[in-house]
Amino acid sequence: SRSSRLYQNLKEDKNLVSSISSFHYSLKDDSVFLVSADFQPEKYKTVKNAISEEIKKLRDQKVTKEELVAFEAAFFTAFFALRTTFFLVASGSSS
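Now for a quick tour of the structure. Bear in mind the structure is a predicted one, so any value in this text is a computation, not a measurement. (Residues numbered from 1 in each chain as written. Predicted model: local features only at pLDDT ≥ 70, side-chain atom pairs only at ≥ 80, totals over all residues. Heavy atoms only, no water.)

What to know about a nonpolar patch on the surface
Together, Leu 58, Val 63, Leu 68, Phe 71, Phe 75 and Phe 76 line one region of the surface with nonpolar side chains, adding up to about 570 Å² of accessible area. Residue contributions to the nonpolar patch peak at four residues, all from helix H3 (residues 65-91). Mapped onto the secondary structure, Leu 68 falls in helix H3. Leu 68 gets classed as partly exposed once you look at its relative accessible area, which sits at 41%. (Patch = residues over 30% accessible without salt bridge, like charges linked within 9 Å, V, L, I, M, F, W, Y side chains within 5 Å. Areas by Shrake-Rupley, 256 points an atom, 1.4 Å probe, with all protein chains shown as cover. Salt bridge = Lys/Arg side-chain N within 4 Å of Asp/Glu carboxyl O. Helix = DSSP H or I, 4+ residues; strand = E, 2+ residues; numbered from the N terminus. Buried < 20%, exposed > 50% of the residue type's maximum accessible area, 1.4 Å probe, protein only.)

Next up, the structure:
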């Protein structure tokens, strides 16, 4: 989301990327953390290093209360938007 550390640091503060997102996928024994970003090819090393630094910070620093509140708000907004869209599609309503 736009309130995430990755977005704030790499897009808003440093203007290194035009978009960035992350995703965590867990299975029983394994998991994957994926970061996706759009950026100019010549910025590859700078973007890669900035993403690595953000991941290290996430590992080493606790998530703040403000970050958690922002995440919860974004999560529930997306969840209810998807649920509403699914309901409208399932019910055959187009509006």
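Some remarks on the environment of Phe 39
Here Phe 39 lies in the loop between strand E2 (31-38) and helix H2 (44-60). Among the residues examined, Phe 39 registers a relative accessible area of 30% and is labelled partly exposed. The sequence separation of Phe 39 and Asn 15 amounts to 24 residues, and the corresponding C-alpha distance is 9.4 Å. With residues near it in sequence (within four places) discarded, Phe 39 still touches Leu 16, Val 17, Tyr 44 and Val 47. (Contact = heavy atoms within 4.5 Å.)

A few points about H2
With 17 residues, H2 should reach 24 Å at 1.5 Å per residue; the first-to-last C-alpha distance of 24 Å fits that figure. Taken as a whole, H2 has its buried residues at Val 47, Ala 50, Ile 51 and Glu 54. Buried residues of H2, viewed axially, fall in a sector of 100°; they line one side. Opposite the buried face of H2, by more than 90 degrees, sit the exposed residues Lys 45, Arg 59 and Asp 60. (Expected span 1.5 Å × (residues − 1). Arc of directions from axis to C-beta.)

Remarks on the side chain of Asn 9
Along the chain, Asn 9 falls in helix H1 (residues 5-13). With relative accessibility at 12%, the residue Asn 9 sits in the buried group. Look past the residues within four positions of Asn 9 in its chain and what remains in contact with it is Lys 14, Glu 54 and Lys 57.

Overview of the pattern of salt bridges
Within this structure, the stated rule accounts for four salt bridges. Note that Lys 56 and Glu 53 form a salt bridge whose closest N and O atoms lie 3.7 Å from each other. Of this pair, Lys 56 and Glu 53 both sit in helix H2, separated by three residues, roughly a single helical turn. Lys 56 sits in the partly exposed class, given a relative accessible area of 39%. Across the salt bridge formed by Glu 54 and Lys 57, the nearest N and O atoms sit 3.0 Å from each other. Residue Glu 54 and its partner Lys 57 are located together in helix H2, separated by three residues, close to a single helical turn. On the basis of relative accessibility, which here comes to 5%, the residue Glu 54 falls in the buried class.

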